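# Structural overview
The residues making up each chain are set out below.
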Amino acid sequence: MSILLIFNNKDPKPWKNQLENKIQNTDIEIYPNVQDKSKVDFIICWKPTDRVFDEFPIQKVVQSVGASIDHITKTQKINKNIIISRIVDEQLCIDMWEFLLAVVLSEMKNLNLYYKNKIEKTWKQQEYQSINNTTISILGLGKIGSYVAQKFAQMGFEVKGWSNSKKEITNVKSYIREDGFYKCLENTDFLINILPLTKETTRIINKNSLIKIRKGGFFINVGRGEHLNEADLIELLSEKHLSGALLDVFREEPLTNDALWEHPNLYITPHIASLTNVKSAINQITENHQRFIANKELLNIVSLKKGY
C-alpha cells in the first residue's frame, strides 16, 4: 500500500520530505510519478485536477492539506466508502484572526485612503471609526469563524454571526436560517465571510445580501470565491453603497479577472489570510495514517452530506 501526494498551486516536496521522516516502510510518491497506481490507498491533496482520483482503484482515504474540502468534492467523484479528512489547526484560527484584525483596523483608520493621498500628495484629515461603535457580522461560525467572532467581541466590537446552527459565544449574537441571515446583515459596518462552500452557500453574497449592510460598509471574503457574485459586488462598490472590499479567495486562482484587479476600492490578496503550517499539518496527517493502518477512526473526518 502507498501514499500519494496530488498538489496544484502548492509545492509537494516539503510535505514528502516531512512525511518520509515520520512514516517508514511505506512508499510515498508525488503525482504523476506513480510506480503502481493499484497500490495507492491514502491520497494527500490540494486542488486536485478533475477526476484524477479515478486513476486509483483502491483509494480509501483522502486527506486535504487545508481546512476545506470543496476543492476535492467539486472536482472528484467520491465513493461513499471513501473517508475524507481535513486539517484542523489552532494556528489557522490565530492567523485568520490576525489577518482580519489588520484589515478591519486599517480600514477603520483610513490607512488605505492615506496611502492613496500620499501618492497624490494630498494632505487631508478624515473622520475615523472607533471599536466601540463598529459592528462586525461574520458569516460562518465553525471553528475558525467562532474563534474570530470571540476575539473581535473581546476587543469591544459589536459582533453578530450567522451559521447553520445556534452558537453560544460570549457577547456574540447568533443568527440561523434564512430570516436570521438578513437580520444578521442589518446595520453591519464590516461583513466577513468565512462560510464553508456548499450548494446552499454558493453565491450567497450577492446584491440582495450586500445591499442589507450599512451604506459605506466594507466586505471581506476569506471563505471561497464561489460564495460571491463578483458583478454584484463591483456594482455596489461603483454605486458607493460599499466603501470598499477585500477579497482573498477567488473562483479561479491565480486571479485573471481584470474588473476585480482594476477597481480602485477593491483590495486583492493572493489567498494568504491563513496558510497551513506544514509541520503542524504533517503531525495530523501522520496520526491519521497510523489510525488508518490500525483500523481506527480518523481525526477531523468531514461529512460529505454537509460538505464540512
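Residues numbered from 1 in each chain as written. Predicted model: local features only at pLDDT ≥ 70, side-chain atom pairs only at ≥ 80, totals over all residues. Heavy atoms only, no water.

## Digging into the layout of surface pockets
There is about 400 Å³ of room inside the second largest pocket. Partitioning the lining of the second largest pocket into residue classes produces seven nonpolar, seven polar and six charged. (1 Å grid on protein atoms, 1.4 Å probe; cavity = no way out; pocket = protein on both sides within 12 Å on 5 of 7 lines; lining within 4 Å. Points joined across faces, edges and corners; volume = space filled by probe spheres on them. Nonpolar A, V, L, I, M, F, W, Y, C, P; charged D, E, K, R; others polar.)

## Points about empty space enclosed by the protein
Across all of its chains, the model carries one cavity of 30 Å³ or more by this definition. Approximately 30 Å³ is the volume found for the largest cavity. Forming the walls of the largest cavity are Ser2, Asp27, Glu29, Gln35, Asp36 and Lys39. Residue classes in the lining of the largest cavity are distributed as no nonpolar, two polar and four charged.

## Focus: the environment of Ile58
Inspection of the secondary structure assignment puts Ile58 in the loop between β3 (40–46) and β4 (61–64). Along the sequence, Ile58 and Pro32 sit 26 residues apart, while their C-alpha atoms lie 17 Å from each other. Dropping the residues within four chain positions of it, Ile58 is found in contact with Met1, Ser38, Lys39, Val40 and Asp41. (Helix = DSSP H or I, 4+ residues; strand = E, 2+ residues; numbered from the N terminus. Contact = heavy atoms within 4.5 Å.)

## Observations regarding unusual backbone geometry
Trans is the prevailing form of peptide bonds, just as negative phi is the prevailing case for residues other than glycine. The peptide bond linking Tyr31 to Pro32 adopts the cis configuration, its omega dihedral lying at 10°. Along the chain, Pro32 turns up in the loop between β2 (27–30) and β3. Notably, Asn171 is not glycine yet its phi reads approximately 65°, a positive angle. By the element assignment, Asn171 lies in the loop between β7 (158–163) and β8 (172–176). The backbone of Asn187 sits at a positive phi, close to 60°, despite the residue not being glycine. By the element assignment, Asn187 lies in the loop between α6 (177–185) and β9 (190–193).

## Remarks on the pattern of salt bridges
Applying the stated rule across the entire model yields eleven salt bridges. One salt bridge connects Lys16 with Glu20, and the closest N-O pair in it is separated by 2.5 Å. Here Glu20 and Lys16 lie together in helix α1 (residues 13–22), a separation of four residues that amounts to about one turn. For Glu20, a relative accessible area of 37% puts it in the partly exposed group. (Salt bridge = Lys/Arg side-chain N within 4 Å of Asp/Glu carboxyl O. Buried < 20%, exposed > 50% of the residue type's maximum accessible area, 1.4 Å probe, protein only.)

## Quick word on a positive patch on the surface
On the surface, a cluster of positive charge is made up of Lys166, Lys173, Arg177 and Lys183. In this fold, Lys173 is placed in strand β8. (Patch = residues over 30% accessible without salt bridge, like charges linked within 9 Å, V, L, I, M, F, W, Y side chains within 5 Å. Areas by Shrake-Rupley, 256 points an atom, 1.4 Å probe, with all protein chains shown as cover. Lys, Arg positive; Asp, Glu negative; His and termini not counted. Charge placed at Lys NZ, Arg CZ, Asp CG, Glu CD.)

## Examining the side chain of His71
Mapped onto the elements, His71 comes out in helix α2 (residues 70–73). On the basis of relative accessible area, His71 is assigned to the buried category, the value being 4%. Among the polar contacts made by the side chain of His71, one reaches the main-chain amide nitrogen of Lys47 at a distance of 2.8 Å. With sequence-adjacent residues up to four places away left out, His71 is seen in contact with Cys45, Trp46, Lys47, Pro48 and Ser64. (Polar contact = N/O pair within 3.5 Å; in protein donor to acceptor, adjacent residues only side chain to side chain.)

## Observations concerning the sheet that holds β8
Strand order in the open sheet formed by seven strands is β8-β7-β6-β9-β10-β11-β12, and the pairing between neighbours is parallel. Both outer strands of the open sheet, β8 and β12 (266–268), are each paired with one neighbouring strand and no more. Pairwise comparison of adjacent strand axes, ignoring direction, gives a mean angle of 15° for this sheet. Where strand β10 (residues 217–221) lies against strand β11 (residues 242–247), five bridges are found, and the strand directions are parallel. Bridge assignment links Ile220 to a residue of β11, and that residue is Leu246. The sheet strands contacting helix α5 (residues 143–155) are β6 (135–139), β7, β8 and β9, and the helix crosses β6 at an angle near 170°. (Pairing = 2+ DSSP bridges. Axes fitted to C-alpha atoms, helices over the stretch in contact; angles between N-to-C directions.)

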